[in-house]
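One letter stands for each residue in the lines below.
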Amino acid sequence: MKVVLPGGTGQVGAILDRALTAAGHEVTVVTRRPVRAHDIGWDGATLGRWAAAIDGCDVVINLAGRSVSCRYTPENLRAMMDSRVDSTRVVGQAVAAAARPPRVWLQMSTATIYAHRFDAANDEATGVIAGSETGVPDYWAYSAEIARNWERAQSEAPTPETRKVALRSAMVMSPDRGGVFDVLSMLARLGLGGPVAGGAQYVSWIHDEDFVRAVEFLIARDDIEGPVNLSAPGPLPHRDFMRALRTAWGVPVGLPATRWMAEVGAFALRSDTELLLKSRRVVPGRLRAAGFEFACPEWEPAAGDLVRRARLLRTASGRARGSSGRAREATTGAGAEERRRPAES
């Protein structure tokens, strides 16, 4: 199977690239910074030579968009909007222009499209779309507008021969460095992983292996199109989420944080409090109705698995650095010995 991943160099793209390649599929990554043999360059907004990769491929999975891990300034919010909408629009143009268009186009979206709520879970059929809540920052509505425009750019693309699915993904948890799990784990290990602003807000998440399996499931199921929630069926309050993560790392306590403390912490991490404070109670209605079975439906065992894998990665990384250091020392030592040796006449 030929798979094209526009925007495939981020955390989620790396997960899919690694898994699909290991499964024997031919993966092409479309990126602004092509460095590997299977990378193709683009600007994320206009057609170019990269579009030839989509013509004749089986699946396109568009992941492009500015990272949400930043301060939500007006400039950054506009960049989030433009990068998502422009890239989705131009992927649609490439699919429409293809002589042999892909049979399915999976488009990244976000569970942030749903309203901040505590009373009930949001599925695709009955979920409340965000934007009309009271008592939340005004810019939260703009985040939901980004998601709506993101999905609209895909749905309006004239691609009658290509099935389209919008992936309303919760936070993808993987042990890779720099991802959301890595950041939350750092806080937990430092003793800072307590409840934020009371911790009643819900956290929706999905284990990386279930994310890959869900993508493969949606590729195979020709009868599913439109929005699909990619989230584990067990969202839970932030206080319980962080408690399970601390337990997995063997950290007995986590200092709680008030809302203003969260603001300070988010500023220091160059992030935003919406990621911490918005209650995302999202469940996978369509996936479960279609018969998808989660390998990691509950957070406590999922956190244990992720911590185990993160420790293995850290150990392997430490060994690699140690081997590299020993190699440098050996080389340096040999060179020094050569320099100390008197020249032969």
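Residues numbered from 1 in each chain as written. Predicted model: local features only at pLDDT ≥ 70, side-chain atom pairs only at ≥ 80, totals over all residues. Heavy atoms only, no water.

Draft legend 1. Expanded view of the packing of aromatic side chains. The tally for this structure, following the rule as stated, stands at six aromatic pairs. Every member of this aromatic cluster is reached through a ring pair, and the members are F181, W205, F241 and W299. When the ring centre of W150 is taken as origin, the NZ or CZ atom of R84, which lies over that ring, is 4.8 Å away. The ring of Y202 has R281 sitting right over it, with the charged end atom 4.3 Å from the ring centre. (Phe/Tyr/Trp six-rings, centres within 6.5 Å; stacked < 30°, edge-to-face > 60°. Lys NZ or Arg CZ within 6 Å of the ring centre and 35° of its normal.)

Draft legend 2. Looking closely at the pairing of strand β1 (residues 2-6). Among the five residues in β1, four count as buried, and that is most of the element. With five bridges joining them, β1 and strand β2 (residues 26-31) adopt parallel strand pairing. Note that in β2 the partner of V4 across the bridge is T28. Taking the sense of rotation as the criterion, the β-α-β connection linking β1, helix α1 (residues 11-22) and β2 turns out right-handed. Sheet analysis places β1 next to strand β4 (residues 59-62), joined by two bridges and oriented parallel. Bridge assignment links V3 to a residue of β4, and that residue is V59. (Buried < 20%, exposed > 50% of the residue type's maximum accessible area, 1.4 Å probe, protein only. Helix = DSSP H or I, 4+ residues; strand = E, 2+ residues; numbered from the N terminus. Pairing = 2+ DSSP bridges. Right-handed = clockwise from strand over helix to strand, strands pointing away.)

Draft legend 3. Geometry of the side chain of R84. You can see R84 is positioned in helix α3 (residues 74-97). A polar contact of 2.7 Å, which involves the side chain of R84, links it to the backbone oxygen of R66. Here R84 is in contact with A64, G65, R66, V68, I146 and W150, once residues within four sequence places are set aside. (Polar contact = N/O pair within 3.5 Å; in protein donor to acceptor, adjacent residues only side chain to side chain. Contact = heavy atoms within 4.5 Å.)

Draft legend 4. The arrangement of the nonpolar core in detail. Grouped together as the largest cluster of nonpolar side chains are 32 residues, with contacts concentrated most on L16, I61, L218 and L230. Per-element tally for this core: the top contributor is helix α6 (residues 208-220), with seven residues. Among residues more than four places away in sequence, those in contact with L230 are L167, R168, S169, A170, I206, F211, A214, V215, L218 and L287. Ranked by size, the runner-up nonpolar core spans 21 residues in total, among them F181, A188, V203 and A232. (Core = buried A, V, L, I, M, F, W, Y, C linked by side-chain atoms within 4.5 Å.)

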